[in-house]
Amino acid sequence: MPHIRSWTTPPTRREITLLLFSLTIFVLSYNLEASLGIVGVRPQKLTSSYLSSLGLGAKDPGFEPDGRRPKEWRDDLETLIVGDWEWREGEVSGVARGSAATSGSGRTGMIYNFAGNKKVSRSTQKGDRGVSLDTGVTVEGQFIKWGKDLPETKVVAHTPGYSILDNVIAVNGTFFVVASDWTKVPKLGDIASSSLDATKPPRVQDWHILTTQDAAEMFGPYAAKIHGTSWLALGKAEAQDPYTLLSLFRTHASLTSTASSASYTSSTGLHIIAPSTSPSDPSASVPAPLRLIFPHIPTFSSPNVPPGPGQDPKAHPPPRDRAYIGAHPLLPKAILPSLGVWYTEDWQDLADMHVPFLLERVVVADRGAAERGRSHWVTESSRSDDLKRRSAGQEGEPVWAPSFLGLPATASWWAPARAALLRYLHIGDGFEDSASASASKGSSLWGLTKKQHAPKPEVSYVSMQHEPDGAGARLASGDHERLVSGLRKLEQEGVLGKVHVLIGNGSVPAPQWEERMGAIARSTIVLGPYGFHLADSVFMRSPLEAKPAAAKKPDGAAPPAPPPAPLLMEFFPPGTFVRDQQFAVQALGIDYVAWWNEMCVRLSVCLFLRSFPCAPGRRASSRLILPPLLCVIFGVRSGLELTSIRARVSRKFSGDSLPNVVSPPTTPGQDARVPVDVEAVLHTVREEAPRRAA
């Protein structure tokens, strides 16, 4: 009979073995992922196995950082709903990798460079003002609570019509300047104009000035903040021209100068010369503008035509014409890729929100205010030696000139804009494409460097012959044909490397615009009838962009002198002259020549005797020229003949010999036909182009 064991009986060897085996199986099963990892097996490999179907596989890993399940857990339904795309931290989802360049160079380069896998810090947010995934301004940073301590408006730079202001508040479409001491800000009439009449100062609903106490009571303790620099172009579409962007850029460039850039008369009549707020280092980086605001220009100039009776209301409406802002739509995108453009509709959206918006920095351009303050454009602190030599009769500067005359800037202030355009057009500094430039840098046999041939000059002729009536002045038909033929002949002779005949005023499709800008940027001479279609000449090579070092070479020889500046030749009708193009290019160090082709008429009164007529074929000027009184004294039968001798006289103006400003006659629908002495122009091109080639 077997022995009956009690509970206190020690376990046998068989029982201990079963217990240890069970505990081992339990531990391994409960920690299956860790157990498989010890032996080098990935748990994901079991997801489609028999164990996974029995629920014995790895546990649900949850979601990945992009919000999707891991690839091993995805099915066809999830792929159909969310798609199959790759996402990496710090990058925009849904964009295929490789569709955009990872660097900021090139036409397809990315505008923003995200710092992948970097932690966000306060210093990083201050350095990068753009809104991105892991750097820059966060959503929380768009909101500001100031309580009763409102930030006061600070005048960074000012001249009549062109100002740089920090901390400007916009509420319901009205700009507010907040200052506890009103003597520290210029008069509002020197900053802006009325939105209804640009010749008058701003109305209360346009611009207003408040003390900090009044502003705190009116706006409350909260506001939305618009970070970065905003360009504000006040004025309607008819007040804009190609120099709107140039003058805004020049105003913004005053931040790179260490000289005083704010000289104004306050609302109390006190004249203020504010010290410079620019960094002590002129080479310090100045943030680019983030937006260009046109509060009084709608997005489209043509009306929205609703569908008529019987038409499909869902059909795509006909294309509408963009509003005129003074520049080709591609130009701001090429030189300032991060610049967003706001129009009346965008500005009205902010006004309809009834929320105070704090603009961190505003660059204001108002031509009405500039015209009213013309007598204060140049102060003694900003007057250069060249300006001091000018007489009152030689002024006549364009209305956008205060940003050049009243605000200081470094000599190479326009270089970033031109360099950005050259990169967009894939043009090197030496006017060579990257491929051809790299090929030309090779060495010849025995390691000797190949001799580089000097580039031949290029000439661009801006023609308006085929533009519609009212587009602008153009050459006489015969002069146009002879000029083009003469330039082509110079090209065939090898005097010119290439001749570009550009069409119109730049309102062309994108491919033609790129060809146009590339031709002008490479040109040594640009010529054409007067008008804004020559405004793109500011993108010619400027000698102010880079100056040679003053130090001499080790052997004592002086450094090579830079090549002469490019040349702009503008043709005017006799008795007409405007300074827009001349002022712009000479501000960049580019030479300028104005042409008049006058018809000189000499009148002579000829007395001829009927008994001694002039022989056939003889010139009228060879007749007997006598005072009419002698006819009565000698009692002869005679007659009077008025003889005119016509001759073209070509006049060329440059430097200090420029004529006074005489506006062209405004005849609707009629364009001036400008006569040109073609032989004199071609002779000048033959002499100047090789000498000025870069």
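The rules we used
Residues numbered from 1 in each chain as written. Predicted model: local features only at pLDDT ≥ 70, side-chain atom pairs only at ≥ 80, totals over all residues. Heavy atoms only, no water. Helix = DSSP H or I, 4+ residues; strand = E, 2+ residues; numbered from the N terminus. Buried < 20%, exposed > 50% of the residue type's maximum accessible area, 1.4 Å probe, protein only. Contact = heavy atoms within 4.5 Å. Areas by Shrake-Rupley, 256 points an atom, 1.4 Å probe, with all protein chains shown as cover. Polar contact = N/O pair within 3.5 Å; in protein donor to acceptor, adjacent residues only side chain to side chain. Patch = residues over 30% accessible without salt bridge, like charges linked within 9 Å, V, L, I, M, F, W, Y side chains within 5 Å. Salt bridge = Lys/Arg side-chain N within 4 Å of Asp/Glu carboxyl O. Arc of directions from axis to C-beta. Axes fitted to C-alpha atoms, helices over the stretch in contact; angles between N-to-C directions. Parallel < 35°, antiparallel > 145°, perpendicular 65-115°, else oblique. Left-handed = near helix turned anticlockwise from the far one by under 90°. Phe/Tyr/Trp six-rings, centres within 6.5 Å; stacked < 30°, edge-to-face > 60°. Lys NZ or Arg CZ within 6 Å of the ring centre and 35° of its normal. Expected span 1.5 Å × (residues − 1). Nonpolar A, V, L, I, M, F, W, Y, C, P; charged D, E, K, R; others polar. pLDDT = per-residue confidence, 0-100.

Caption draft 1: Representation of the overall build of the protein chain within the structure. The secondary structure content of the protein chain amounts to 19 helices and 19 strands. Sorting the 694 residues of the protein chain into buried and exposed places 39% on the buried side. A separation of at least 24 residues holds for 73% of the contacts in the protein chain among residues at least 6 apart in sequence. When the accessible surface of the protein chain is summed, it comes to about 39,700 Å², and 57% of that surface belongs to carbon and sulfur atoms.

Caption draft 2: Focus on unusual backbone geometry. Even without being a glycine, N167 presents a positive backbone phi close to 65 degrees. Residue H354 is not a glycine yet carries a positive backbone phi of 55 degrees. As for its placement among the helices and strands, H354 is situated in the loop between α9 (344-352) and β11 (357-365).

Caption draft 3: Spotlight on the side chain of Q240. Here Q240 shows up in the loop between β6 (222-233) and α7 (243-253). Within the structure, the side chain of Q240 is placed 3.4 Å from the backbone oxygen of G235, a separation counted as a polar contact. Among the polar contacts listed, one links the side chain of Q240 to the side chain of T244, at a separation of 3.0 Å. With sequence-adjacent residues up to four places away left out, Q240 is seen in contact with A233, L234, G235, F294, I297, Y324, I325 and G326.

Caption draft 4: Geometry of a nonpolar patch on the surface. Judged by side-chain polarity, I16, L19, L20 and L23 come together as a nonpolar surface patch covering roughly 380 Å² of accessible area. Within the secondary structure, I16 is located in helix α1 (residues 13-30).

Caption draft 5: Structural context of the pattern of salt bridges. Throughout the structure, instances matching the rule amount to 13 salt bridges. If you follow the salt bridges from partner to partner, you end up with D591, E688, R691 and R692 in one network.

Caption draft 6: Spotlight on α9. Among all positions of α9, only W347, L350 and A351 are buried. Seen end-on, α9 carries its buried residues on one side only, within an arc spanning 100 degrees. Looking at the packing, one finds that the buried side of α9 touches β3 (162-171), β4 (174-178), β6, β9 (291-293), β10 (340-342) and β11. Looking one or two residues beyond α9, the residue adopting positive phi is H354, at roughly 55 degrees.

Caption draft 7: Spatial organisation of the packing of helix α13 (residues 415-424) against helix α16 (residues 510-522). Remark: α13 packs on α16, axes separated minimally by 10 Å, with the N-to-C direction vectors making an angle of 125 degrees. By the angle between their directions, the pair α13 and α16 is classed as oblique. Where α13 crosses over α16, the two elements pack in a sense that is left-handed. Between α13 and α16, the residues in contact are R418, L421, L422 and Y424 and W513, E514, M517 and A521, respectively.

Caption draft 8: Representation of the packing of aromatic side chains. Applying the stated criterion across every chain, the model contains 20 aromatic pairs. Aromatic pair W400 and F583: ring centres 5.7 Å apart, planes at 80 degrees, arrangement edge-to-face. Of this pair, W400 sits in the loop between α11 (385-389) and α12 (402-405) while F583 sits in helix α17 (residues 580-587); the two residues are 183 residues apart in sequence, bridging distant segments of the chain. We note that W400, like F583, is buried. Here the aromatic rings of F404 and F583 are separated by 5.7 Å at their centres, their planes lie at 90 degrees, and the arrangement is edge-to-face. On the criterion of sequence distance, the pair formed by F404 in helix α12 and F583 in helix α17 is long-range, its members being 179 residues apart. Under the relative-accessibility criterion, F404 is labelled buried at 12%. If you follow R250 out to its NZ or CZ, it ends over the ring of W413, 5.6 Å from the centre.

Caption draft 9: Region of the structure containing α16. Helix length check: α16, at 13 residues, gives a terminal C-alpha distance of 18 Å against a target of 18 Å (1.5 Å per residue), a fit within 8%. For α16, the full list of buried residues reads W513, E514, R516, M517, G518, A519, I520 and A521. Looking at the buried positions of α16, the neighbouring elements they touch are α8 (330-335), α13, β12 (458-463), β14 (498-503) and β15 (525-529).

Caption draft 10: Layout of the side chain of T251. Along the chain, the position of T251 falls in helix α7. There is a polar contact of 2.8 Å between the side chain of T251 and the backbone oxygen of S247.

Caption draft 11: Molecular detail of the packing of helix α15 (residues 477-493) against helix α19 (residues 678-692). With their axes 10 Å apart at the nearest point, α15 and α19 run at an angle of 25 degrees to one another. Relative to α19, the element α15 is oriented roughly parallel. The chirality of how α15 crosses α19 is right-handed. In this structure, α15 contributes D479, R482, L483, G486, L487, L490 and E493 to the contact, and α19 contributes V678, V681, L682, V685 and R686. Each residue belonging to the contact of α15 with α19 can be placed in one class, and the counts come to seven nonpolar, one polar and four charged.

Caption draft 12: Summary view of the confidence of the model for the protein chain. Across the protein chain, the average pLDDT comes to 76, with 66% of residues at or above 70. Taken as a whole, residues 279-283 scores under 50 in pLDDT and shows six contacts with residues more than four places along the chain or in a different chain. When the criterion is pLDDT under 50, residues 600-647 qualifies, and its contacts beyond four places in sequence or with other chains add up to 58 contacts.

Caption draft 13: Quick peek at the environment of T344. For T344, the position within the fold is in helix α9. Sequence separation of T344 and T299 is 45 residues, and the distance between their C-alpha atoms is 7.0 Å. The contacts of T344, once residues within four sequence positions are left out, are F294, P295, H296, I297 and P298.

Caption draft 14: Main features of the environment of W231. On the secondary structure map, W231 appears in strand β6. Distance in space between the C-alpha atoms of W231 and L339 is 9.4 Å, their sequence separation being 108 residues. In this structure, W231 is in contact with L245, L248, F249, H252, P289, R291, L292, I293, L336 and V363, ignoring residues within four places of it in sequence.

Caption draft 15: Quick peek at the environment of S254. You can see S254 is positioned in the loop between α7 and β7 (262-265). Taking the C-alpha atoms as reference points, S254 and H158, 96 residues apart in sequence, are found 9.8 Å from one another. Only 2.6 Å separates the side chain of S254 from the backbone oxygen of T251, close enough to count as a polar contact.

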